[in-house]
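Fold and geometry: a report
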Amino acid sequence: MIIVNFPEDERVITTEPVYQWDYGRQLKITGLDENLITEVHFCNRNCIEAKVRLGVFADDGVVVTIPDDLLSDPYNINVFVYVCSGASGKTSRQLQIPMLARKKP
């Protein structure tokens, strides 16, 4: 599991890298307002649209599974934390997950 803690004044963070062809990897994001619905949008430079996942609050953070198809591409993964509060929504944080490319197993 990749764990990221956002200090209040940070908006963009680079995480530890992942290896291409990993699967089932989870991301835990702490330092967010837990009273809001949180979507997590994943994409890389090949994406036309972001892949939207609903974050689940657990152990003082939002936990979400990184889409496996993005883990099969050799490109860094961009992650956008999107919070919704009924009548409005906004991108509140951004992460970049570096990809360590390798040969297909």
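Quick note: structure is the one above.
Residues numbered from 1 in each chain as written. Predicted model: local features only at pLDDT ≥ 70, side-chain atom pairs only at ≥ 80, totals over all residues. Heavy atoms only, no water.

Describing the pattern of salt bridges
On inspection of all chains with the given rule, the structure shows 2 salt bridges. Here Lys51 ties to Asp69 by a salt bridge, and the two come within 2.9 Å at their closest N and O atoms. Of this pair, Lys51 sits in strand 6 (residues 51–54) while Asp69 sits in helix 1 (residues 68–71), placing them 18 residues apart in sequence. On the accessibility criterion, Lys51 (23% relative accessible area) is partly exposed. (Salt bridge = Lys/Arg side-chain N within 4 Å of Asp/Glu carboxyl O. Helix = DSSP H or I, 4+ residues; strand = E, 2+ residues; numbered from the N terminus. Buried < 20%, exposed > 50% of the residue type's maximum accessible area, 1.4 Å probe, protein only.)

Things to note about the nonpolar core
Within the largest apolar cluster, 21 residues are counted, with the highest numbers of intra-cluster contacts made by Leu27, Phe42, Ile66, Ile77, Val79 and Leu95. Looking at this core, the elements that each hand over two or more residues are strand 1 (2–5), strand 4 (26–30), strand 5 (37–43), strand 8 (61–65), helix 1, strand 9 (77–84) and strand 10 (89–97). It is strand 9 that provides the largest number of residues to this core, a total of 3 residues. Those residues in contact with Phe42 that lie beyond four places of it in its chain are Leu27, Ala50, Lys51, Arg53, Val64, Thr65, Ile66, Pro67, Leu70, Ile77, Asn78 and Val79. (Core = buried A, V, L, I, M, F, W, Y, C linked by side-chain atoms within 4.5 Å. Contact = heavy atoms within 4.5 Å.)

Let's talk about the side chain of Lys28
Relative to the helices and strands, Lys28 is located in strand 4. Those residues in contact with Lys28 that sit more than four places away from it in its chain are Met1, Ile2, Ile3, Val4, Ala58, Asp59, Gly61, Val62 and Val63.

Observations regarding the side chain of Arg25
Along the chain, Arg25 turns up in the loop between strand 3 (18–19) and strand 4. A polar contact of 3.1 Å, which involves the side chain of Arg25, links it to the side chain of Asp22. (Polar contact = N/O pair within 3.5 Å; in protein donor to acceptor, adjacent residues only side chain to side chain.)

Examining the packing of aromatic side chains
A full pass over the atoms with the stated rule returns 0 aromatic pairs. One residue, Arg93, lies across the ring of Phe6, its end atom 5.3 Å from the ring centre. (Phe/Tyr/Trp six-rings, centres within 6.5 Å; stacked < 30°, edge-to-face > 60°. Lys NZ or Arg CZ within 6 Å of the ring centre and 35° of its normal.)

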